[in-house]
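# Summary of the model geometry
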Amino acid sequence: MTPCPDCRWPLESHDRDISFHLPDELEDWSAEELAEKTSRLDTFLHVKPNRFFMRALIPIHLHHDHIVVFGAWLAVDRPTVENASRIWNTPEYGSFSCSGFLANALPPWPNIVGAPLTVESRHLEELPYAVSSSDAKMNEIVNSKWSHQTVLNSLAEIT
Ligand SMILES: [Zn+2]
């Protein structure tokens, strides 16, 4: 374990990937309910009759170039999912961008669930990344640098 000069967490815990299994609104559903009402591919999730989600990466930049990436769900509309799944794994995905609403609470900012979020592709083989938001707080979350404690303390409670 290497101590960090800026916080009480070891340096090894400063760069993390944390994935949410499901959108928060489905968290309490039973396996039967999920099987009956949802259909799921790796990246897309359809909840009958008309809720659609897709996966996206939300990078949280910490001071001194550390990064915590949340693999979260974005609530989107049907045309967005149809378009995204059509161009997935094609070169067209390279210029993919869409907007939706964050469907998971981020541990450092639990109230941010539901915030609007725009994502875009950066690498052909990766999920789209969150880049901006019309919500001032959400925009700050993805475009600012954060103290180690703000982010890592909250993660200690969930992992
Ligand atoms: Zn630190």
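Below: a short report on this structure. Here the structure is a predicted model, which is why all the values come from computation and not from measurement.

## Quick look at the pairing of strand S3 (residues 44-47)
- Where strand S2 (residues 38-40) lies against S3, 3 bridges are found, and the strand directions are antiparallel. For Arg-40, the partnering residue across the bridge sits in S3 and is Leu-45.
- With antiparallel pairing between neighbouring strands as the criterion, S2 and S3 make up a hairpin whose turn holds 3 residues.
- Judged from the 4 bridges that link them, S3 and strand S4 (residues 51-62) form a sheet pairing that is antiparallel. For Val-47, the partnering residue across the bridge sits in S4 and is Arg-51.
- Counting the residues that bridge the hairpin from S3 to S4 gives 3 residues.

## Description of the nonpolar core
- Counting residues in each nonpolar core, the largest one holds 27 residues, and the members touching the most others are Phe-53, Ala-72 and Leu-74.
- When contributions to this core are tallied by element, the ones reaching two or more residues are S4, strand S5 (67-76), helix H2 (78-87), strand S6 (97-102), strand S7 (116-120), helix H3 (136-143) and helix H4 (148-156).
- With 7 residues, the single largest contributor to this core is S5.

## Observations regarding unusual backbone geometry
- Residue Lys-48 is joined to Pro-49 through a cis peptide bond whose omega torsion reads 0°.
- Even without a glycine there, the phi angle at Asn-89 is positive, about 65°.
- Locating Asn-89 in the fold gives a position in the loop between H2 and S6.
- The exposed category is assigned to Asn-89, around which 10 C-beta atoms lie within 10 Å.

Each value, and the rule that gives it
- Residues numbered from 1 in each chain as written.
- Predicted model: local features only at pLDDT ≥ 70, side-chain atom pairs only at ≥ 80, totals over all residues.
- Pairing = 2+ DSSP bridges.
- Helix = DSSP H or I, 4+ residues; strand = E, 2+ residues; numbered from the N terminus.
- Core = buried A, V, L, I, M, F, W, Y, C linked by C-beta atoms within 7 Å.
- Buried ≥ 20, exposed ≤ 12 C-beta atoms within 10 Å, placed from the backbone.

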